[in-house]
Amino acid sequence: MWLIRDSVFIGILQASPLILAAMGFTLIFYLNGFINFAYGESITYGAYFAAMFNVMFGFGFYLSIVPAALLAGALSVATYFLFFQPALKRGVRSTELIILSIGVSFMLRYGLVLFVGAENIYVDEPPIAYFSFLGVGATNLQLVALVLVLVVVFNLYWVVYRTGFGEVVRGLANNKELAMVSGINPHKVSVSVWFLGGVAGGLSGVFSGVFALANPLMGWNLILITVMVSIVAGVGSVKGALVVSIIAGMLTAAVTLVSKPLYAEVILLSSFIGVLWYRGGRLR
Amino acid sequence: MAYLIFSITLMLVYIGLAQLLHIQFGMLGIPNFGIVGFWGLGMYSVGVLNVQWDFSFIPALILTLLLVALVANGLGRLILKLEGQAMLCATLAFSAIVALLVITEKWLTEGVVGLGTIKYPFDAGAMTEPLYFLILLLIVVGIQLFINKLHVSRLGTLIFSIRDNEELAASLGKDTVKIKLELFTLTCALMGLLGALSAPLNQFLTPNMLVPSVTFAVWIALILGGKEHSMGAVLGVFITFGLFDLLIESYLPVAPEYAVMVPNFKLFLYGAVLVAVLMYRPRGVLGHSAAGARQELP
């Protein structure tokens, strides 16, 4: 019983970065139809932008989250215009697009390392307080992260499912010509999706490792499981990404409680291969 | 001198991996992103058999080949029918699993402490390293001859037709699934062989050798050289590994305070070169294969 309680609790607390990353990633994947590994750098840069505003410009901790998320969104749009849109226009196939995204990812990641160094960057965080209820505990930062994630998730959910934006994206992803005939501006929609995706990724980076540090490899460490979650949840399903991220978080917490955290990853990765096999490889 | 021989022997390993990827991706269209998994499995298998269980090198090598072939065959049965992106993710996940298990199974691999020392299979004094280099050279030349032959053979034509239109090839009565599985098993096992031969080269094995950068370095080389050309792999590794790792990293005079940044600069350039090639010359430096079916641009 304690195992279930603790893994649900820890799982939800620790799933925040994954929830955000998967929700943003799945939108871009759905619209353009390829796995964008450079999305990992939206996560990394989000954390670095927050650290920059916090450490260099002396912004308050919570205040630095806002410009960091916006900049991560802008970076995501920039990669779209510089690399992916020209490639998509030329009709480059999905496997080549993925390799391109890995190239972009390398450039961004090691460009960052050349610029700021490979060491961890620590953020001035507010003093840590510890809360405990019903026998389980959490720090104030974890709880703030959870609340912020809930706010972001609610907003993203609302945009995708309640404003008609989701319909527009679906229309564009499935039949571009028909969508354009019905008055959808593909340019505007693509920019919105890449921006929203980047913002979600950036926030995910800020909340990773709640919060404390930024590391050049943090995006790469999260991207594989983000891809997995999006595919298992059904590409394009923001709802599904939310649910599967939480399940993955709980499973990781449960395995970590009884064994080693690395076994949780092995189990997740193996079941991912199993799910792909079971579905016969249909991603969308 | 000893370091130079080590470097060019390691370069041969990369050439071999890129050649095998050429067969898998350039010819068959299987996007194998788990190269480091098969290579690392081979390397650690020889290491464990040799160091932990006192097998001598040749039996360890044979057992390793069987093990990697078995694993590749099992994975192939699961994933080879999937669409490209799904295969890519599954193989990437596979290599991550191998790297994780190497860390967790300390009783077998010594975990992050590292496993060693793996000795060369023979001792020829000062000639040991050069002889070992020659063995790897023979293997690489052998793979290249196999590729050249494959490009002009009937099997090669069938392979290209599977890549371009598998349904059509299957409808003509060819057992495409079987051919794909057999070639995937063979090429992955050879990746494992290259890993096994890398074990004495590295002498001391640690889990951080099994990072995805190995996979990406091979991919970048093949894409750069030309994935469909029979010599693309060789040229690609000469440009990436030869230019960046051998010349710049070893011989370029760099002030010591900047020396730590050189590997990062190299990886940055890898990314930039890959992007430039895919944007402006998607078929790589060599472009089309001289022989075999030609695929029109999509």
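Residues numbered from 1 in each chain as written. Chains lettered and ligands numbered in written order. Predicted model: local features only at pLDDT ≥ 70, side-chain atom pairs only at ≥ 80, totals over all residues.

### Describing the overall build of chain B
And then number 1: Counting secondary structure elements, chain B contains 13 helices and zero strands.
And then number 2: When the helices and strands of chain B are listed from N to C terminus, the series reads α-α-α-α-α-α-α-α-α-α-α-α-α.
And then number 3: For 298 residues, the compact-globule formula gives about 19 Å, and the C-alpha radius of gyration of chain B, at 19 Å, lands near that figure.
And then number 4: Looking at chain B residue by residue over its 298 residues, the buried ones come to 49%.
And then number 5: At a minimum sequence separation of 6, the contacts of chain B that also span at least 24 residues come to 78%. (Helix = DSSP H or I, 4+ residues; strand = E, 2+ residues; numbered from the N terminus. Rg over C-alpha atoms; globule rule 2.2 N^0.38 Å. Buried ≥ 20, exposed ≤ 12 C-beta atoms within 10 Å, placed from the backbone. Contact = placed C-beta atoms within 7 Å.)

### A word on the overall build of chain A
And then number 1: In terms of helices and strands, chain A carries eleven helices and four strands.
And then number 2: Its C-alpha atoms put chain A at 60 × 45 × 35 Å along the principal axes.
And then number 3: Here chain A holds 284 residues, and the buried ones make up 50% of them.
And then number 4: When contacts within chain A are restricted to residue pairs at least 6 apart in sequence, those whose partners lie at least 24 apart make up 77%.

### Some thoughts on unusual backbone geometry
Residues and elements named next belong to chain B.
And then number 1: Phi is positive for E110, which is not a glycine, with a value near 65°.
And then number 2: Along the chain, E110 falls in the loop between α5 (106-109) and α6 (128-152).
And then number 3: Non-glycine residue Q203 carries a positive phi angle of around 65°.
And then number 4: Along the chain, Q203 falls in the loop between α9 (176-202) and α10 (212-225).

### Focus on the interface of chain A and chain B
And then number 1: In this complex, chain A contributes 42 residues to the contact, which on the side of chain B involves 38 residues.
And then number 2: Every element with two or more residues in the side of chain A that touches chain B is listed here: α3 (65-89), α4 (94-116), α9 (218-233) and α11 (261-279) of chain A.
And then number 3: Per-element accounting of the side of chain A that touches chain B gives the leading share, 15 residues, to α4(A).
And then number 4: Of the residues assigned to the side of chain A that touches chain B, the class counts are 29 nonpolar, eight polar and five charged. (Nonpolar A, V, L, I, M, F, W, Y, C, P; charged D, E, K, R; others polar.)

### Considering the environment of A:Y278
And then number 1: Considering the arrangement of structural elements, one finds A:Y278 in helix α11.
And then number 2: Along the primary structure A:Y278 and A:K188 are separated by 90 residues, whereas in three dimensions their C-alpha atoms are 37 Å apart.

### A few points about the environment of A:I121
All names here are of chain A.
And then number 1: If you trace the backbone, I121 turns up in strand β1 (residues 121-122).
And then number 2: Separated by 95 residues in the primary sequence, I121 and P216 have C-alpha atoms spaced 9.4 Å apart.
And then number 3: Here I121 is in contact with A51, L213 and A214, once residues within four sequence places are set aside.

### What about the packing of helix α6 (residues 165-174) of chain A against helix α8 (residues 186-207) of chain A?
All names here are of chain A.
And then number 1: For the pair α6 and α8, interaxial distance at closest approach is 11 Å and the crossing angle is 115°. As judged from the angle between their axes, α6 and α8 are roughly perpendicular. Helix-helix and strand crossings are classified by hand; for α6 and α8 the assignment is left-handed. Residue-level contacts link V168, V169 and L172 of α6 to P186, V189 and V193 of α8.
And then number 2: Partitioned by chemical class, the residues of the contact of α6 with α8 number six nonpolar, no polar and no charged. (Axes fitted to C-alpha atoms, helices over the stretch in contact; angles between N-to-C directions. Parallel < 35°, antiparallel > 145°, perpendicular 65-115°, else oblique. Left-handed = near helix turned anticlockwise from the far one by under 90°.)

### Details of the nonpolar core
If you look at soluble globular proteins, the nonpolar side chains tend to sit buried side by side.
And then number 1: The biggest cluster of nonpolar side chains holds 192 residues, and the ones touching the most others in it are B:Y14, B:L17, B:A93, B:V218 and B:A221.
And then number 2: Sorting elements by how many residues they give to this core places helix α4 (residues 84-104) of chain B first, with 14 residues.
And then number 3: When neighbours within four sequence positions are excluded, B:A93 is seen to be in contact with A:L224, A:L269, A:F272 and A:I273. (Core = buried A, V, L, I, M, F, W, Y, C linked by C-beta atoms within 7 Å.)

### Quick notes on the packing of α11(A) against α4(B)
And then number 1: Running from amino to carboxyl end, α11(A) crosses α4(B) at an angle of 155°, the nearest separation of the two axes being 9 Å. One finds that α11(A) runs roughly antiparallel with respect to α4(B). Classified by chirality, the crossing of α4(B) by α11(A) is left-handed. Residues A:L262, A:Y263, A:E265, A:V266, A:L269, A:S270, A:F272, A:I273 and A:L276 of α11(A) form the contact with α4(B), whose participating residues are B:A86, B:C89, B:A90, B:A93, B:F94, B:A96, B:I97, B:L100, B:L101, B:I103 and B:T104.
And then number 2: Tallied by class, the residues present in the contact of α11(A) with α4(B) amount to 17 nonpolar, two polar and one charged.

### Observations regarding α6(A)
Residue and element names in this part refer to chain A.
And then number 1: Within the span of α6, buried status applies to V168, V169, L172 and A173. End-on, the buried residues of α6 take up no more than an arc of 130°, which puts them together on one face.
And then number 2: Of the surrounding elements, those touching the buried residues of α6 are α1 (2-32), α7 (176-181) and α8. (Arc of directions from axis to C-beta.)

### Let's talk about α3(A)
All names here are of chain A.
And then number 1: The terminal C-alpha atoms of α3, which comprises 25 residues, lie 34 Å apart, in line with the 36 Å expected from a rise of 1.5 Å per residue.
And then number 2: By the largest-angle criterion, F81 marks the main kink of α3, which is about 45°.
And then number 3: Immediately beyond the C-terminal end of α3, within one or two residues, lies G91, with a positive phi of roughly 75°. (Expected span 1.5 Å × (residues − 1). Bend = angle between axes of the 7 residues up to and from the residue.)

### Here we look at the environment of A:S105
Residues and elements named next belong to chain A.
And then number 1: With respect to the helices, strands and loops of the structure, S105 is situated in helix α4.
And then number 2: Sequence separation between S105 and S42 is 63 residues; the distance between their C-alpha atoms is 9.4 Å.
And then number 3: Ignoring anything within four residues of it in the chain, the contact list for S105 reads F37, A38, G40 and E41.

### Comments concerning the confidence of the model for chain A
And then number 1: In the predicted model, chain A carries a mean pLDDT of 84, and the fraction of residues at 70 or more is 95%.
And then number 2: Taken element by element, the predicted model of chain A shows its lowest mean pLDDT in strand β2 (residues 130-133) of chain A (71) and its highest in α3(A) (92). (pLDDT = per-residue confidence, 0-100.)

### Looking at the confidence of the model for chain B
All names here are of chain B.
And then number 1: Mean pLDDT over chain B stands at 87; residues scoring 70 or higher make up 96%.
And then number 2: Here residues 290-298 is a poorly scored stretch, pLDDT under 50, and it has 14 contacts once near neighbours within four places are set aside; other chains count.
And then number 3: On the interface metric, ipTM, the complex scores 0.87, and its pTM is 0.89.

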